[in-house]
Every structure is written in C-alpha cells, then in structure tokens.
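Chain residues, written in single-letter form:
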Amino acid sequence: MTGSPDFERLCATFSWRGDSTRIRRVEPGDATCWTVIHGAADGDVAKREEFARRYAPVVRAYFASRWGGASLRNDVDDATQEVFVECLRRGGALERAD
C-alpha cells in the first residue's frame with residue numbers, strides 16, 4: 001500500500017491534527033514526528049496512542065476514498081485496523097521505518 005501513488009499523494013496532503021473529527025492540510029513546515037514513530041515501535045503506550053490519533057484518520061480517509069460508498073464502512077474500519085496491527089506488531093512496519 002505504501003507504494004501506491006494514491007496513498008503517497010494522500011499522505012503528502014493530509015495529516016491528523018486535533019480532535020477525532022478533523023483532518024487538516026499539512027503545511028510545508030510540518031514533518032513526521034520520528035520520536036512518536038520510534039517510541040511506538042519500542043512499545044511506548046503513549047506514543048502508540050499518539051501514532052494512532054495522528055494517522056488513523058489518514059488511513060481511514062485513504063480507504064474510504066479508494067473504495068467509496070457507505071456500504072463499505074465496516075471494510076474501511078477493518079482495513080484501517082489491519083494497517084495498525086501491521087504497523088505495531090513486533091517486526092512490523094514501525095520497527096522497520098528508517
């Protein structure tokens with residue numbers, strides 16, 4: 001999925017900030033918070049929660065945009081959860097992030 005041009009475009013355009021109902025445009029000065037990513041990879045509960053707060057809406061928006069339609073809402077939620085399972089598992093995507 002991370003090699004998909006749609007995913008790369010979405011991640012370059014939107015990021016999670018604030019409450020659970022808001023996604024805002026990423027500004028040129030914004031950057032990935034590597035301390036959050038590395039902390040989440042190391043198992044820090046607070047960093048994992050922050051990682052999920054920041055990126056779950058981006059992942060969910062990607063799936064919703066790609067699949068469209070309210071009839072796939074459960075699929076969007078399930079796929080979003082699977083992304084985070086892969087990211088947070090031992091040896092998962094966050095541990096391999098460079």
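Asks: Lay out the environment of Tyr62 in plain terms, naming residues and giving numbers.
Replies: Summarising the element assignment, Tyr62 is placed in helix H3 (residues 45–67). Sequence separation between Tyr62 and Thr80 is 18 residues; the distance between their C-alpha atoms is 9.3 Å.

Asks: Explain the pattern of salt bridges to me, and be specific about the residues and the numbers.
Replies: Scanning the model with the defined rule gives four salt bridges in all. Close ionic contact of Arg54 with Glu50 constitutes a salt bridge, the shortest N to O distance being 3.1 Å. Residue Arg54 and its partner Glu50 are located together in helix H3, separated by four residues, close to a single helical turn. The exposure class assigned to Arg54 is buried, which follows from its relative accessible area of 17%. Among the salt bridges present, the one from Asp77 reaches Arg60, with a minimum N-O distance of 3.4 Å. Of this pair, Asp77 sits in helix H4 (residues 73–88) while Arg60 sits in helix H3, placing them 17 residues apart in sequence.

Asks: Describe the packing of H3 against H4, listing the residues and the values that go with them.
Replies: Between H3 and H4, the least distance of the axes is 9 Å, while the angle of their chain directions is 135 degrees. Our classification of the angle between H3 and H4 gives oblique. In the crossing of H3 with H4, the sense of the turn from one axis to the other is right-handed. Every residue of H4 that contacts H3 at Arg48, Phe51, Ala52, Tyr55, Ala56, Val59, Arg60, Phe63, Ala64 and Trp67 is listed here: Asp75, Val76, Asp77, Ala79, Thr80, Val83, Phe84, Cys87 and Leu88. Each residue belonging to the contact of H3 with H4 can be placed in one class, and the counts come to 14 nonpolar, one polar and four charged.

Asks: Describe in detail the confidence of the model for the protein chain, supporting the description with residues and values.
Replies: Of the residues in the protein chain, 65% have a pLDDT of 70 or more, and the chain-wide mean is 75. The weakest mean pLDDT in the protein chain belongs to strand E1 (residues 14–16) at 43; the strongest belongs to helix H5 (residues 93–96) at 91. Predicted confidence for residues 6–22 stays below pLDDT 50, and this span has 36 contacts to residues more than four positions away or in other chains.

Scoring rules and cut-offs
Residues numbered from 1 in each chain as written. Predicted model: local features only at pLDDT ≥ 70, side-chain atom pairs only at ≥ 80, totals over all residues. Heavy atoms only, no water. Helix = DSSP H or I, 4+ residues; strand = E, 2+ residues; numbered from the N terminus. Salt bridge = Lys/Arg side-chain N within 4 Å of Asp/Glu carboxyl O. Buried < 20%, exposed > 50% of the residue type's maximum accessible area, 1.4 Å probe, protein only. Axes fitted to C-alpha atoms, helices over the stretch in contact; angles between N-to-C directions. Parallel < 35°, antiparallel > 145°, perpendicular 65-115°, else oblique. Left-handed = near helix turned anticlockwise from the far one by under 90°. Contact = heavy atoms within 4.5 Å. Nonpolar A, V, L, I, M, F, W, Y, C, P; charged D, E, K, R; others polar. pLDDT = per-residue confidence, 0-100.

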